[in-house]
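Listed below, chain by chain, are the residues.
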Amino acid sequence: MSDPANLPCTHPLRERIAQAVRDVRARTPLAQSFTNFVTINLVANAQLAAGGTAAMSFLPDDVIDTAAISGADYVNVGTLLPFYKDALPQIARAFAKAGHPWVLDPVAAGIGKTRTEILNAFRAVPPTIVRANASEAIALASMWRLIDPDGASRPAGVESVDEVDAAVDAARAIARHLARYAPQGRAAVAISGKVDLVTDGERVFRIPGGSALMTKITGAGCSLGGVVATYLAVADPLTAALAASALYNRAGEAAERVAHGPGSFQVAFLDALWNVTPEQVAGSEILEQAAAQSADRSSGA
Ligand SMILES: Nc1ncnc2c1ncn2[C@@H]1O[C@H](COP(=O)(O)OP(=O)(O)OP(=O)(O)O)[C@@H](O)[C@H]1O
Ligand SMILES: Cc1ncsc1CCO
Ligand SMILES: [Mg+2]
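Residues numbered from 1 in each chain as written. Chains lettered and ligands numbered in written order. Predicted model: local features only at pLDDT ≥ 70, side-chain atom pairs only at ≥ 80, totals over all residues. Heavy atoms only, no water.

Turning next to the sheet that holds strand 2 (residues 30-34). Here we have 10 strands laid out as an open sheet, ordered 1-10-9-8-7-6-5-4-2-3, and mixed in their pairing. The sheet terminates laterally at strand 1 (5-6) and strand 3 (53-56), the two strands that pair on one side only. In terms of strand pairing, strand 1 meets strand 10 (residues 287-288) through 2 bridges, oriented antiparallel. Directly across from A5, in strand 10, lies its bridge partner E288. Packing against the sheet, helix 4 (residues 84-98) makes contact with strand 2, strand 4 (72-76) and strand 5 (102-105), and its axis sits at approximately 150 degrees to strand 2. Running at roughly 125 degrees to strand 6 (residues 129-133), helix 6 (residues 134-143) makes contact with strand 5, strand 6 and strand 7 (188-192) of the sheet. (Pairing = 2+ DSSP bridges. Helix = DSSP H or I, 4+ residues; strand = E, 2+ residues; numbered from the N terminus. Contact = heavy atoms within 4.5 Å. Axes fitted to C-alpha atoms, helices over the stretch in contact; angles between N-to-C directions.)

Structure (structure tokens):
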């Protein structure tokens, strides 16, 4: 298989990415979150540092009413409470009815009856974007019967045990499923890891970079999901997923240059989300897998 090629510097996708970064900073869009208790503060701070605003809520009527003024929502199933089993499907149904865009982070997909019940309920009222690590994407695609479950790896807790490349078929299958339900037929999946992978179901992009220190703070992935929702408030799903992934990689590198360990890294990372320029984000290495290879890999999915 030939190497994926970097997008030309004048590619229209790069202009859309730069515009999304600028629009968030100019328009400070609200992206509401229903997210876990471990990393909730980092999610809100990352959304603010990227230029958006944050609101966290857990009551269905509050979430659904606030969605009317929120550009996009973020749902993360990391820490569950008993009432979520009814609340989250109710919220997803309301978003579907309103055509409201939202991002799902299926944290620890495949583990626990309650989480599986909730994630299964999302199959018929799915998000616009799934943001996950490789293991979670494989587990979700398998649970939704979009890939052969025999090929799926074991559930992995909140950390990934799979490489991003192992999740290409799962990511494309999920993105195609989401697109079938999306109001404008457009959806995306963003898989994080050493090299990030973003797909709209047809095109597959790899975004290298970032810092290994991102895995030594909790919530780099969760807050990335929140920032994807912030960009989704101003941009189409593919652009939002690419822009957030590229921003995170550039900010991770900038933070690593000044950090002394995980504590100072987190502080420096928030500063970097604020300081990285639209041109730096849009100028990132974005490697596109050739279309024929994409098609080959998807056969049978
Ligand atoms: N080894 C690595 N080198 C560089 N960047 C990385 C590496 N691993 C992850 N990242 C980056 O860290 C961010 C979070 O990705 P990660 O895969 O750790 O999410 P996650 O497992 O869902 O995290 P969490 O659940 O703790 O929030 C992404 O921006 C990703 O690009
Ligand atoms: C550590 C942890 N446990 C539940 S959610 C979460 C944050 C990372 O996903
Ligand atoms: Mg995660």
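There is more to say, and it comes next.
In this fold, Q289 is placed in the loop between strand 10 and helix 12 (291-298). Within the structure, Q289 has its side chain in polar contact with the side chain of R206 (distance 2.7 Å). (Polar contact = N/O pair within 3.5 Å; in protein donor to acceptor, adjacent residues only side chain to side chain.)

Attention shifts here to the site of ligand 2. The full set of residues close to ligand 2 is N36, V38, T39, G78, T79, V107, V158, T218 and C222. About the coverage of ligand 2: the protein hides 75% of its 290 Å² of free accessible area. Residues belonging to the shell around ligand 2 are distributed by class as follows: 4 nonpolar, 5 polar and no charged. (Near = heavy atom within 4 Å. Areas by Shrake-Rupley, 256 points an atom, 1.4 Å probe, with all protein chains shown as cover. Nonpolar A, V, L, I, M, F, W, Y, C, P; charged D, E, K, R; others polar.)

With that settled, the discussion passes to the UniProt feature "binding site: ATP" (unreviewed entry) in the chain. The UniProt record marks R131 and S192 with the feature "binding site: ATP" (unreviewed entry), using the residue numbering of this structure. In sequence the annotated residues extend across 62 residues, while in space they remain close, none of their C-alpha pairs exceeding 7.7 Å. By secondary structure assignment, the location of R131 is in strand 6. Setting aside residues up to four positions removed in sequence, R131 forms contacts with V103, L104, D105, P106, A190, S192, G221, C222, L224, G225 and V228. Here D105 takes part through its side chain, which lies 3.0 Å from a polar atom of the side chain of R131. As for its placement among the helices and strands, S192 is situated in strand 7. Here S192 falls in the buried class, since its relative accessible area comes to 18%. Looking at S192, its side chain comes within polar contact range of the side chain of R131, at 2.6 Å. (UniProt positions renumbered as here; feature names shortened; annotations may be inferred. Buried < 20%, exposed > 50% of the residue type's maximum accessible area, 1.4 Å probe, protein only.)

Near ligand 1 there are 20 residues, and of these R131, S192, D196, G221 and C222 occur at the shortest range. For ligand 1, an oxygen atom lies 3.2 Å from a polar atom in the side chain of N133. Interatomic distance of 2.7 Å between a side-chain N/O atom of D196 and an oxygen atom of ligand 1. Compared with its free state, where it exposes 620 Å², ligand 1 has 90% of that area covered by protein. Every element with two or more residues in the shell around ligand 1 is listed here: strand 6, helix 8 (220-232) and helix 9 (237-258). The dominant element in the shell around ligand 1, judged by the number of residues it contributes, is helix 8, at 4 residues. Tallied by class, the residues present in the shell around ligand 1 amount to 7 nonpolar, 10 polar and 3 charged.

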